[in-house]
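Coordinates in review
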2 protein chains.
Amino acid sequence: MSDSWIERFPELAALPPQDRAFLTERAAKVALPAGTTVFAPGVAAESFLLILAGTVRVQQVSPGGREIVLYRVTGGETCIMTTSCLLADENYAADGVTETDVEAVAIPKAAFEEAIAQSPGFRRLVFTDYSRRISDLMHVVEEVAFERLDKRLAQRLLARADNSTVVRVTHQDLATDLGSAREVVGRLLKELERRGWVALSRGAIELRNPDQIKALAEGS
Amino acid sequence: MSDSWIERFPELAALPPQDRAFLTERAAKVALPAGTTVFAPGVAAESFLLILAGTVRVQQVSPGGREIVLYRVTGGETCIMTTSCLLADENYAADGVTETDVEAVAIPKAAFEEAIAQSPGFRRLVFTDYSRRISDLMHVVEEVAFERLDKRLAQRLLARADNSTVVRVTHQDLATDLGSAREVVGRLLKELERRGWVALSRGAIELRNPDQIKALAEGS
DNA sequence: GGTGGTCTGTGACTTAGTCACGTTCCCGTG
DNA sequence: CACGGGAACGTGACTAAGTCACAGACCACC
């Protein structure tokens, strides 16, 4: 297989040639259409996944049907859920779904373990991603436990806007991001509209006053 | 240093003799009195920590003064916060405090990295603990986001009771465990007392009807 | 026997979540 | 083109949880 994908991962690109060759020989490129379930509670993974492009959403679903996004895996990152399955035979109560079409590289378990054993750079990649996820999770706990929902909503709107002025997203999507309920998000959005900060329409939210929204997102 | 401590860690006890010797030569036993801050935001760790006895509480503090316990590290486990600092030079927004007197073993950074490189068993120990913590954190998110506070309170009471019938704990301690507010916990406890399930006194809670409390803790 | 610190109680209020609907919009099929 | 069904959104009434500003109550130690 071509080794061009390896450039997406600085830790791997810096490996000595024989390590790079080892990885590229055993890696297989996979394409996952949007909406694919990458992993789910109770399903053990059988290969290590490196994401090249697209995003995977990792979320929890409550018995009552509510959902919360724990973090997103994007290009240049690895999927620690599958990593953990490989390394610790642990099964997690979360599921991963592709939000967009995803291109990834799969490394079989045996090759993964050998890479871990042989290559400090590869280990570093894996550990760094573990740390990043723990950091993400702690941030989620902090937000859910301590921050006001309107502030968190403003943050999500800005994050999803990504410099554009119109966000194509449903109230339910935002509620899932925040671990809240659709009606609650709807009411908060309505209040923002009343203040003239956003304009609401079906499936889309226009940010009319990004500065005020930013102030809300950053406010104490 | 004596190598008897290594028996507390099955993964390490099973190592080949030279790996065991390597670790015990470089390890230093440390004793931390209750209430010691083991790590805090912005402070980088300089050695890897294995806990022999006692517990370290890892928690987040909100700007508004509220706190939430993320997880506890007990005997036979490693402290992944310090691990992450060593492996990924990442700083976390959490702090660790000893809840009891703690006996631990510290392995300096250089020896830690060598052990990671050389010993598959040592790697396995580290990865397993990472996985456990991620699992813990996801559980916290799930609880905080989706579960009712009275149910979570009942769970905490039972966990702290540990087969005894009297729990020595303040309302504030429980609130910190749950990431809630003292007054809220107090009101819920009062309601449990009204039902005759507990008896309240200053600094202690007597479980008068553990079965009902269990039912609440396990109920949908 | 006062005194300061910790622990707990209370009421009034705001914010968030739940439940059970009703309404509106869109898009394909007959 | 009507129309029927699903997805998205709106609403009111209610419960649960958090906040704020206090007021007591208890304990230990001079």
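From a predicted model like this one, the values you see are computed outputs, not experimental measurements.

About the criteria used
Residues numbered from 1 in each chain as written. Chains lettered and ligands numbered in written order. Predicted model: local features only at pLDDT ≥ 70, side-chain atom pairs only at ≥ 80, totals over all residues. Heavy atoms only, no water. Core = buried A, V, L, I, M, F, W, Y, C linked by side-chain atoms within 4.5 Å. Buried < 20%, exposed > 50% of the residue type's maximum accessible area, 1.4 Å probe, protein only. Contact = heavy atoms within 4.5 Å. Helix = DSSP H or I, 4+ residues; strand = E, 2+ residues; numbered from the N terminus. Polar contact = N/O pair within 3.5 Å; in protein donor to acceptor, adjacent residues only side chain to side chain. UniProt positions renumbered as here; feature names shortened; annotations may be inferred. Buried area = accessible area lost by both parts, 1.4 Å probe. Salt bridge = Lys/Arg side-chain N within 4 Å of Asp/Glu carboxyl O. Domains from an automatic or database assignment. Nonpolar A, V, L, I, M, F, W, Y, C, P; charged D, E, K, R; others polar. Near = heavy atom within 4 Å. Pairing = 2+ DSSP bridges. Axes fitted to C-alpha atoms, helices over the stretch in contact; angles between N-to-C directions.

**Examining the nonpolar core**
Nonpolar side chains tend to gather and get buried jointly when the protein is soluble and globular. Grouped together as the largest cluster of nonpolar side chains are 100 residues, with contacts concentrated most on A:L12, A:I107, A:F122, B:L12, B:I107 and B:F122. Those residues within four positions of B:L12 in sequence are excluded, and the remaining contacts are B:W5, B:I6, B:R20, B:L23, B:L50, B:F122 and B:L125.

**Things to note about the side chain of B:T82**
Mapped onto the fold, B:T82 is located in helix α3 (residues 80–88). A polar side-chain atom of B:T82 sits 2.8 Å from the main-chain carbonyl oxygen of B:C79.

**Observations regarding the UniProt feature "domain: Cyclic nucleotide-binding" (unreviewed entry) in chain A**
Taking the numbering used here, the UniProt-annotated feature "domain: Cyclic nucleotide-binding" (unreviewed entry) corresponds to residues 11–133 of chain A. Annotation note: span residues 11–133 of chain A, helix share 37%, strand share 32%, distance between end C-alpha atoms 17 Å.

**Comments concerning the interface of chain A and chain B**
Chain A puts 37 residues into the contact, and the matching count from chain B is 37 residues. Where chain A abuts chain B, roughly 3500 Å² becomes buried across the two surfaces, and 70% of that area is made up of carbon and sulfur atoms. Looking only at chain A, the three residues that lose the most surface to chain B are A:F127, A:M138 and A:F146, adding up to 21% of its buried area. Across the chain A-chain B interface, the total number found is 0 salt bridges. Where chain A meets chain B, there are 8 residue pairs in polar contact (both at pLDDT 80 or more). Contributing elements (two or more residues each) for the side of chain A that touches chain B: β5 (67–73), α3 (80–88), α4 (109–118) and α5 (120–146) of chain A. With 18 residues, the single largest contributor to the side of chain A that touches chain B is α5(A).

**Re the domain arrangement of chain A**
Residue and element names in this part refer to chain A. What the domain assignment lists for chain A is domain 1 (6–145) and domain 2 (147–218). Once you take the C-alpha centre of each, domain 1 and domain 2 turn out to be 29 Å apart. The interface of domain 1 with domain 2 comprises 11 residues on the first partner and 12 residues on the second. Buried surface at the junction of domain 1 and domain 2, summed over both partners, amounts to about 840 Å²; 38% is from carbon and sulfur atoms. The three residues of domain 1 that bury the most area against domain 2 are R66, E67 and E143, which together make up 53% of that side's buried surface. Scanning the region where domain 1 abuts domain 2 turns up 1 salt bridge. The tally of links from domain 1 across to domain 2 stands at 4 residue pairs in polar contact (both at pLDDT 80 or more). Listed by contribution, the elements that provide at least two residues to the side of domain 1 that touches domain 2 are β5 and α5. Among the residues forming the side of domain 1 that touches domain 2, the class breakdown is 4 nonpolar, 1 polar and 6 charged.

**Describing the protein's contact with DNA strand C**
Near DNA strand C, the surroundings consist of 17 residues, among which A:R66, A:L149, A:S180, A:R187 and B:R202 are the closest. Near the protein, meaning within 4 Å, the atoms of DNA strand C are sugar or phosphate in a fraction of 51%, with bases accounting for the rest. In the model, a phosphate oxygen of DNA strand C is placed 2.8 Å from a nitrogen or oxygen of the A:R66 side chain. Between a phosphate oxygen of DNA strand C and a side-chain N or O atom of B:K190, the distance comes to 3.1 Å. Within the residue set of the surface near DNA strand C, elements represented by two or more residues are α8 (182–194) of chain A together with α8 (182–194) of chain B. It is α8(B) that provides the largest number of residues to the surface near DNA strand C, a total of 4 residues.

**Things to note about the sheet that holds strand β10 (residues 204–207) of chain A**
Where strands meet in a sheet, backbone hydrogen bonds hold them as pairs that are either parallel or antiparallel. Residue and element names in this part refer to chain A. The strand order across the open sheet formed by 3 strands is β8-β10-β9, and the pairing between neighbours is antiparallel. Each edge of the open sheet carries a strand with a single partner, namely β8 (166–167) and β9 (198–201). Relative to β10, β9 is paired through 4 bridges, and the arrangement is antiparallel. Looking at β10, one finds that V198 is bridged to L207. Strand contacts of helix α6 (residues 149–161): β8 and β10, with the helix running at about 95 degrees to β10, the strand carrying the most contacts.

**Concerning the protein's contact with DNA strand D**
With respect to spatial proximity, 17 residues lie near DNA strand D, and among them A:H171, A:G203, B:L149, B:S180 and B:R187 are the closest. Sugar and phosphate atoms constitute 52% of the interface atoms of DNA strand D, taking the interface as everything within 4 Å of the protein. Interatomic distance of 2.9 Å between a side-chain N/O atom of A:R202 and a base nitrogen of DNA strand D. In this structure, a base nitrogen belonging to DNA strand D sits 3.2 Å away from a side-chain N or O atom of B:E183. Listed by contribution, the elements that provide at least two residues to the surface near DNA strand D are α8 of chain A together with α8 of chain B. For the surface near DNA strand D, the element with the highest residue contribution is α8(A), accounting for 4 residues.

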